[in-house]
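Each chain is listed here by its residues.
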Amino acid sequence: MKNIVEIVLFHLFLVSFVCCGVLEVRDDDDCDDDDNGDCNFNIGLRVSFCPCLEGSDDDPDNVNALRPGDIKVVAAMGDSILAGFGAESQSLLDITTEYRDISFAIGGRLGRSTVANFLRYYDEDDEVYGYSTGIGPVENDATSVFNVAVSNSLTSDLLAQAVMLVDRMLDSSQVDFHDDWKLITILIGNNDICNACLVPELFSVANYENGLRSALDYLKENVPRALVNVLPVPHLRETYELGTTNPQCMAIAHILAWSCPCPFHEDTAVRESIFEFNSEIQHVVCNIARSGDYEAQDFTVVSQPFLEGAKYPRDENDIPSTEFIALDCFHFNAEGHEALARGLWSNMFSRVGRKSMSYSADDPIVCPDENAPFIRTNINSMV
């Protein structure tokens, strides 16, 4: 067994460069309308989705053999993006409202495309738990549930979120903590980038890695039966271009520069150093996930890189569009969250090394089927 593990880890090392941006290949599996199992159609997905798929015949005991119907608990950790900050705000006066129930990874509002709802689709009994059911801050645990993302969080705050998440799971009568399979999604780093030029010694690549690893170490030690999606932070060069070329966003550029100063720094050299920092911490996510440090029979960490090279849609003059962007020109609106949900889902069912490193609302969604029914991990991607 030791030799097998060493071979697997060596293979991960050899191909780790693939998920870090050297190669971009995407699966082009289109979904069809074949009904291969019992699905939950009561969640009212407004878009055509994947064919039904049976869950595992027996409760799987290996994280590399998880079908979507095996996931019973969903959770999220991170910052304002996962909190759904401003996603349905109608004016800047209520831009700080957190619409957690439509957050792309964990929102549970009926009819919305979210990863949580996609998982519910595969559960005829609708027993998936943890998705957010309303708006408001993380302190509203009755509606935020297992979305413990906190707006303005830094990567150094992530361990505290992991502790909060475990406490909530242990306190919940809806969760069989030791036997339920859990999907946890992490997206963190926006605020590190926004402030990196102000206190460079605090916001270093090493500190980002340490903060992320501290949280992952805690989850691996304390959460049985978990698959953790870790997402690289989007590149804020896109936000800078949006704020300096799109007329709607140029009108509030001073607000953008106040809330996220470093990508909007007047010194070009400073801006470029921030964008380089942004790229470096994107690679940290990939390297941690492919390090082999978080591989166990009932636990794994997978990098889902669809945000790494994501770009906003452009108009005919190549000016970034606000089609998917909230009124503050930084966060994602409701349509943006739905696009992110499809991007994350497609990554989850694409092999490591073949995951799309960008997303588009026009991309066909990648679906599991009986020939490839499992959520892709570092290990089962080699089969």
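Provided above is the structure to which this section pertains.
Residues numbered from 1 in each chain as written. Predicted model: local features only at pLDDT ≥ 70, side-chain atom pairs only at ≥ 80, totals over all residues. Heavy atoms only, no water.

Caption draft 1: Geometry of the overall build of the protein chain. Helix and strand content of the protein chain: 11 helices and four strands. Residues counted as buried form 56% of the 383 residues belonging to the protein chain. Pairs at least 24 apart in sequence give 74% of the contacts found in the protein chain among residues at least 6 apart. Summed over its atoms, the accessible surface of the protein chain is roughly 15,700 Å², and 50% of this surface lies on carbon and sulfur atoms. (Helix = DSSP H or I, 4+ residues; strand = E, 2+ residues; numbered from the N terminus. Buried < 20%, exposed > 50% of the residue type's maximum accessible area, 1.4 Å probe, protein only. Contact = heavy atoms within 4.5 Å. Areas by Shrake-Rupley, 256 points an atom, 1.4 Å probe, with all protein chains shown as cover.)

Caption draft 2: Region of interest: the side chain of Thr114. Within the secondary structure, Thr114 is located in the loop between β1 (71-78) and α2 (115-121). On the basis of relative accessibility, which here comes to 0%, the residue Thr114 falls in the buried class. Among the polar contacts made by the side chain of Thr114, one reaches the main-chain carbonyl oxygen of Gly107 at a distance of 2.6 Å. Other than its neighbours up to four places away in sequence, Thr114 contacts Ile102, Ser103, Phe104, Gly107 and Ala341. (Polar contact = N/O pair within 3.5 Å; in protein donor to acceptor, adjacent residues only side chain to side chain.)

Caption draft 3: Summary view of helix α11 (residues 334-348). For α11, which comprises 15 residues, the first-to-last C-alpha distance of 21 Å matches the rise-based estimate of 21 Å (1.5 Å per residue) to within 8%. Here α11 lies mainly inside the structure; 14 of its 15 residues are buried. Measuring from the backbone nitrogen of Glu335 back to the side-chain oxygen at the start of α11 gives 3.2 Å, which picks out Asn333 as the cap. (Expected span 1.5 Å × (residues − 1).)

Caption draft 4: Focus on the pattern of salt bridges. Within the structure shown, the criterion is met by 15 salt bridges. With its nearest N and O atoms 3.0 Å apart, the salt bridge here joins Arg237 to Glu272. Here Arg237, found in helix α7 (residues 237-245), pairs with Glu272, found in helix α10 (residues 268-289); they are 35 residues apart in sequence, far enough to count as distant. Under the relative-accessibility criterion, Arg237 is labelled partly exposed at 32%. What you see here is one network of salt bridges that share partners, running through Glu238, Glu241, Lys311, Arg314 and Asp318. (Salt bridge = Lys/Arg side-chain N within 4 Å of Asp/Glu carboxyl O.)

Caption draft 5: Just the packing of aromatic side chains, in detail. Across all of its chains, the model carries nine aromatic pairs by this definition. An angle of 75° between the planes, with centres 5.4 Å apart, marks the rings of Phe118 and Trp345 as edge-to-face. Residue Phe118 is located in helix α2, and its partner Trp345 is located in helix α11; the two are separated by 227 residues in the primary sequence. Ring centres of Phe306 and Tyr359 lie 6.2 Å apart, and the angle between their planes is 75°; on these two criteria the pair is classed as edge-to-face. On the criterion of sequence distance, the pair formed by Phe306 in the loop between β4 (299-303) and α11 and Tyr359 in the segment after α11 is long-range, its members being 53 residues apart. In this structure, Arg120 is placed above the aromatic ring of Tyr131, and the distance from its NZ or CZ to the ring centre is 4.2 Å. Lying over the aromatic face of Phe177, Lys182 brings its terminal NZ or CZ to 5.2 Å of the ring centre. (Phe/Tyr/Trp six-rings, centres within 6.5 Å; stacked < 30°, edge-to-face > 60°. Lys NZ or Arg CZ within 6 Å of the ring centre and 35° of its normal.)

Caption draft 6: Seen up close, the nonpolar core. Judged by nonpolar contacts, the single largest core of 104 residues is most densely connected at Met77, Phe104, Ile184, Ile186, Leu216, Leu219 and Trp345. By residue number, the principal contributor to this core is α10, which donates seven residues. (Core = buried A, V, L, I, M, F, W, Y, C linked by side-chain atoms within 4.5 Å.)

Caption draft 7: Summary view of the state of the cysteines. Considering all chains together, one arrives at five disulfides under this definition. Put simply, Cys249 and Cys329 are joined by a disulfide, and their sulfur atoms are 2.0 Å apart. Because the torsion about its S-S bond is -85°, the bridge between Cys249 and Cys329 counts as left-handed. Here the residue Cys249 occupies a position in helix α8 (residues 247-250), and Cys329 occupies one in the loop between β4 and α11, the gap between them amounting to 80 residues. Residue classification places Cys329 among the buried positions, given a relative accessible area of 0%. (Disulfide = S-S within 2.5 Å.)

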